[in-house]
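Here's the letter readout for the chains.
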Amino acid sequence: MSDEFSGSNAVELATELTIAWLSNPNTRASGEDVPAFLRTMHDAVANLSSGTSEVSTEETVAEYTPAVSVRKSLSSKDHLISLIDGKPYKTLRRHLAGHGLTPDEYRTRYGLKADYPMVAESYSQARRDMAKKIGLGRKPGQRRGEAPAEPAPVAAPRGRRKAATNGDA
């Protein structure tokens, strides 16, 4: 494959890509943009033909700086402040999903402890109270304020007994 794109073929392929880019009706390019684009295409084709990419290790391991301090993100019981954008949220799960992160990835990205909350304390308490009010968490048949019933002891299994026989048969 590397002999396919070597030398003049790389130039020809870059030229064809530039022509295709210019023929797109949505592309609005001035005369000064064309040489720069052609150079970019040639470099890209040359990189593909050599099989190596010029991705630096700095780009792969991006350093994320939080928008606010961890202490400030937990300063209110009514909301959590996102370390991504510095905005307050009652729950971070949907916000993180919008950024393509899971809670564990978020904690790892900003060096947070495993018990860093994803839901504001007052919101969590309100949800807990509502769940108790409608009866979630109880076993079927259990009433409010009633302790869970102890399970009844299981009787020994009954089987057929052999009749005692005399040796006089």
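Located above this text is the structure these notes cover.
Quick look at the structure, then. It should be emphasised that the depicted structure is a prediction, and the values quoted were computed from it without experimental measurement. (Residues numbered from 1 in each chain as written. Predicted model: local features only at pLDDT ≥ 70, side-chain atom pairs only at ≥ 80, totals over all residues. Heavy atoms only, no water.)

**A short note on the pattern of salt bridges**
A full pass over the atoms with the stated rule returns one salt bridge. Close ionic contact of Arg107 with Asp104 constitutes a salt bridge, the shortest N to O distance being 3.5 Å. Separated by three residues within a single helix, Arg107 and Asp104 lie in helix 6 (residues 103-109), roughly one turn from each other. Arg107 gets classed as buried once you look at its relative accessible area, which sits at 15%. The class for Asp104 is exposed, based on a relative accessible area of 53%. (Salt bridge = Lys/Arg side-chain N within 4 Å of Asp/Glu carboxyl O. Helix = DSSP H or I, 4+ residues; strand = E, 2+ residues; numbered from the N terminus. Buried < 20%, exposed > 50% of the residue type's maximum accessible area, 1.4 Å probe, protein only.)

**Considering the packing of aromatic side chains**
One pass over the structure, following the stated rule, counts three aromatic pairs. Relative to Tyr110, the ring of Tyr64 lies with its centre 6.5 Å away and its plane at 65°, an arrangement referred to as edge-to-face. Here Tyr64, found in the loop between helix 3 (57-60) and helix 4 (70-73), pairs with Tyr110, found in the loop between helix 6 and helix 7 (121-134); they are 46 residues apart in sequence, far enough to count as distant. Overall, Tyr64 belongs to the partly exposed group, its relative accessible area being 39%. Note on Tyr106 and Tyr110: the rings are 5.5 Å apart at their centroids and 70° apart in plane angle, and the pair reads as edge-to-face. Overall, the relative accessible area of 0% leaves Tyr106 in the buried class. Taken together, the ring pairs connect Tyr64, Tyr106, Tyr110 and Tyr116 into an aromatic cluster. (Phe/Tyr/Trp six-rings, centres within 6.5 Å; stacked < 30°, edge-to-face > 60°.)

**Describing the environment of Ser69**
Within the secondary structure, Ser69 is located in the loop between helix 3 and helix 4. On the accessibility criterion, Ser69 (41% relative accessible area) is partly exposed. In sequence terms Ser69 and Leu83 are 14 residues apart; their C-alpha atoms lie 7.5 Å from each other.

**Details of the nonpolar core**
Counting 12 residues, the largest nonpolar core is built from Val68, Leu80, Ile81, Leu83, Leu92, Leu96, Leu101, Tyr106, Tyr110, Leu112, Tyr116 and Met118. Once residues within four sequence positions are removed from consideration, Leu101 is found in contact with Ile84, Leu96, Tyr106 and Arg109. (Core = buried A, V, L, I, M, F, W, Y, C linked by side-chain atoms within 4.5 Å. Contact = heavy atoms within 4.5 Å.)

**Digging into helix 2 (residues 33-50)**
One turn of an α-helix holds 3.6 residues; hence residues three or four places apart share an orientation. In this model helix 2 runs 26 Å from its N-terminal to its C-terminal C-alpha over 18 residues, within 8% of the 26 Å that 1.5 Å per residue would give. Restricting attention to buried positions, one finds in helix 2 the residues Met41, Val45 and Ser49. When helix 2 is viewed along its axis, its buried side chains cluster within an angular range of 70° and face the same direction. (Expected span 1.5 Å × (residues − 1). Arc of directions from axis to C-beta.)

**Overview of the side chain of Thr18**
Following the sequence through the fold, Thr18 ends up in helix 1 (residues 8-23). Given a relative accessible area of 4%, Thr18 falls into the buried group.

**Description of helix 7**
Taking 1.5 Å per residue, 14 residues should reach 20 Å; helix 7 reaches 20 Å between its end C-alpha atoms and fits that length. Within two residues after helix 7, Gly135 carries a phi angle of roughly 95°, on the positive side.

**Focus: a nonpolar patch on the surface**
Together, Met130, Ile134 and Leu136 make up a nonpolar patch on the protein surface, roughly 330 Å² of accessible area in all. Its place among the elements puts Ile134 in helix 7. (Patch = residues over 30% accessible without salt bridge, like charges linked within 9 Å, V, L, I, M, F, W, Y side chains within 5 Å. Areas by Shrake-Rupley, 256 points an atom, 1.4 Å probe, with all protein chains shown as cover.)

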